[in-house]
Amino acid sequence: MVQVHTIEISPPLINASCAWASDLAQLRELYDCPYTGAVTTRTATLNGFGEDDSNTVVFAASSTSSLNSYGYSPHPLASYLSWVHTLLTTPTASGSTPSKPIIISITAASSTVLGEMLDEIQELRVRLKQIHHSNGAAGVIDPSTLVAVELNTSCPNIKGTSPPAYNFPLLLPLLDVLASTFRSDSSLTIGLKLPPYLYSTRFQEVVRDLSMYSRGVPGSEGQDTANPFAFITSTNTLGSSLFFADQTTLPSSATSSDNAPYALPTQLGGLGGEALHPLALGNVFSFAKLLGAHSDPAMRRVVIFGVGGVTSSEAVRRMYGAGAKIVGCATMLGLMGVKVFRYLTDDASD
Ligand SMILES: Cc1cc2nc3c(=O)[nH]c(=O)nc-3n(C[C@H](O)[C@H](O)[C@H](O)COP(=O)(O)O)c2cc1C
């Protein structure tokens, strides 16, 4: 069991936010799977993302890697809130009361919209708390404590927009909104989905900027601090990557002559799976070193979710070895479906 601020994740294996966590049926399957310790939704925007045929995914033929051109979920935040409400208030497939956290992945282009989205999430948590109080069953987990938020700062596929986490100062207005929500209600568990960074000073800048949000905990006489950011998920896909169609599992009939010879209609996309793994490990390792040695106790408590090329038990172990406390996957979920979590677990406990 890993404690991430107010949520408990057990086992420490989750799905990373992705296209296979888009709707209620997919989320239900992930939620009911005994091998996931939490479920992450696909990234929602306030009103839904205008998806079209150019938004898709392909898989490599000779390695367990993916390239995708998806933006965000076409479903608006309101749909996710209603699905999360359903999942947390109805028994699981095994008949038990829900006790697994759900991480709602969100993003917004402006701090005003992000503020509205956070208000809606907090309203959901209030409703869940009320249901819990009116049911009054002893020993049952308050479902409002099972909702966490992950801000996706790192999608590489949005036309004309760079992932904000590549220019961290541009992200600060969004982080300010998250911090202010946390200060009004410090029971909310908040994380950031980060992109793959390529050189050491970027990790230092991110950790320095996040540490600016730490505050002293009242009553601890300066001994302890709290930081709004309980976890970082490292990494998202690596943007501007290219597969030729003949490197993928696509049948040759599936690529239109407009796309040929490239695999994706957008040509470039975000790289995930095995090809990303060494870079993801390096990112997790770099953050773990900086956070572990930080002078601020709140920064030392930030939990790293290791994502990127988790395709086998060995990869799971490498993620832990690099410093992740929670491990997640997306590409393998796309390839194998929900049974991947049993595969990674069985394989990992060999
Ligand atoms: C098809 C697809 C869709 C994705 N959509 C999202 C998303 O909506 N939000 C997000 O934060 N990351 C998204 N990702 C990135 C994954 O969460 C993950 O960070 C990345 O794929 C690396 O993990 P992997 O090697 O296990 O695929 C997506 C990845 C894939 C393959």
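Going by the structure above, here's the rest.
Residue positions are given per chain, counting from 1 as you read along its sequence in written order. Where local features are concerned, this predicted model is filtered to residues with pLDDT of at least 70; where side-chain atom pairs are given and counted, the filter is 80 or more; whole-chain, interface and lining totals use all residues. Computation of side-chain values: all heavy atoms of the structure, hydrogens and water removed.

Q: What exactly am I supposed to notice about the site of the ligand here?
A: The local shell around the ligand holds 25 residues, among which Ser17, Thr43, Gly273, Gly309 and Thr331 are the closest. Counted as a polar contact is a pair of N or O atoms within 3.5 Å, where, for protein atoms, one must be capable of donating a hydrogen and the other of accepting one, and residues adjacent in sequence contribute only when both atoms are in side chains. Backbone polar atom of Thr235 to an oxygen atom of the ligand: 2.8 Å apart, as the coordinates give it. Per-residue and other accessible areas were derived by the Shrake-Rupley procedure at a 1.4 Å probe size, with only the shown protein chains allowed to occlude residues. For the ligand, the accessible surface in isolation is 610 Å², of which the surrounding protein chains cover 98%. Of the pockets mapped on this structure, the ligand occupies the largest cavity. The way it works is that DSSP assigns letters per residue, a run of H or I at least four long becomes a helix, a run of E at least two long becomes a strand, and they are numbered from the N terminus. At the level of elements, β6 (65-68) and β14 (268-273) are the ones that each hand at least two residues to the shell around the ligand. Note that Gly is not counted as nonpolar here; it falls among the polar residues with everything else outside the nonpolar set of Ala, Val, Leu, Ile, Met, Phe, Trp, Tyr, Cys and Pro and the charged set of Asp, Glu, Lys and Arg. Grouping the amino acids of the shell around the ligand by side-chain chemistry returns 10 nonpolar, 13 polar and two charged. Put simply, a residue is near a molecule or strand once any heavy atom of it comes within 4 Å of that molecule or strand. Two kinds of site are reported from a 1 Å grid over the protein atoms alone, namely cavities, where a 1.4 Å probe fits but cannot get out, and pockets, open sets with protein on both sides within 12 Å along at least five of seven lines, and residues are called lining when an atom falls within 4 Å of a point. A cavity or pocket is said to hold a molecule if more than half of that molecule's atoms lie within 2 Å of its grid points.

Q: Any chance you could explain the pairing of strand β12 (residues 229-234) here in plain terms?
A: It is a general feature of regular strands that their side chains alternate between the two faces of the sheet. The buried count for β12 comes to six of six residues, which makes it a mostly enclosed element. Across five bridges, the pairing between strand β9 (residues 189-194) and β12 is parallel. Along β12, the bridge assignment pairs Leu194 with Ser234. Here β12 pairs with strand β15 (residues 303-307) via four bridges, running parallel. Bridge pairing in β15 places Ile232 opposite Ile304. Only protein chains enter the area calculation, which uses a 1.4 Å probe; residues under 20% of their type maximum are buried, those over 50% are exposed, and those in between are partly exposed. Strand pairing is assigned whenever DSSP detects at least two bridges linking the two strands.

Q: Can you walk me through helix α1 (residues 24-32) in this structure?
A: Residues spaced three or four apart along an α-helix face the same direction, because each turn holds 3.6 residues. Buried within α1 we find Leu27, Leu30 and Tyr31. Along α1, the residues classed as buried sweep out an arc of 100 degrees about the axis, all on the same side. By construction, the arc corresponds to the directions joining the helix axis to the C-beta atoms.

Q: Honestly, the sheet that holds β14 in this entry has me stumped. Any pointers?
A: Strand order in this open sheet of four strands is β5-β6-β14-β13, and the pairing throughout is antiparallel. What marks the edges here is a single partner per strand, and that holds for β5 (57-59) and β13 (238-242). Across the sheet, the axes of successive neighbouring strands diverge by a mean angle of 40 degrees, strand direction being ignored. By the bridge criterion, three bridges tie β5 to β6 in an arrangement that is antiparallel. Between N-to-C directions, angles span 0 to 180 degrees; the directions come from axes that are lines fitted to C-alpha atoms, helices contributing only their stretch in contact.

Q: Would you take a moment to explain the packing of helix α2 (residues 77-89) against helix α3 (residues 111-135) for this structure?
A: To characterise two packed helices, one gives the angle between the axes of the helices and the distance between these axes. It is at 11 Å that the axes of α2 and α3 come closest, and there the two elements cross at 20 degrees. Relative to α3, the element α2 is oriented roughly parallel. The interaxial crossing formed by α2 with α3 has right-handed handedness. Contacts between α2 and α3 pair Leu77, Leu81, Val84, His85, Leu88 and Thr89 from the former with Met117, Glu120, Ile121, Leu124, Arg127, Leu128 and Ile131 from the latter. Of the residues belonging to the contact of α2 with α3, the class tally is nine nonpolar, two polar and two charged. Should an angle fall under 35 degrees it is called roughly parallel, over 145 degrees roughly antiparallel, and 65 to 115 degrees roughly perpendicular, with every other angle called oblique. Two helices cross in a left-handed way if the nearer one is turned anticlockwise from the farther one by less than a right angle. They cross in a right-handed way if the turn is clockwise. It only takes one pair of heavy atoms within 4.5 Å for two residues to be counted as in contact.

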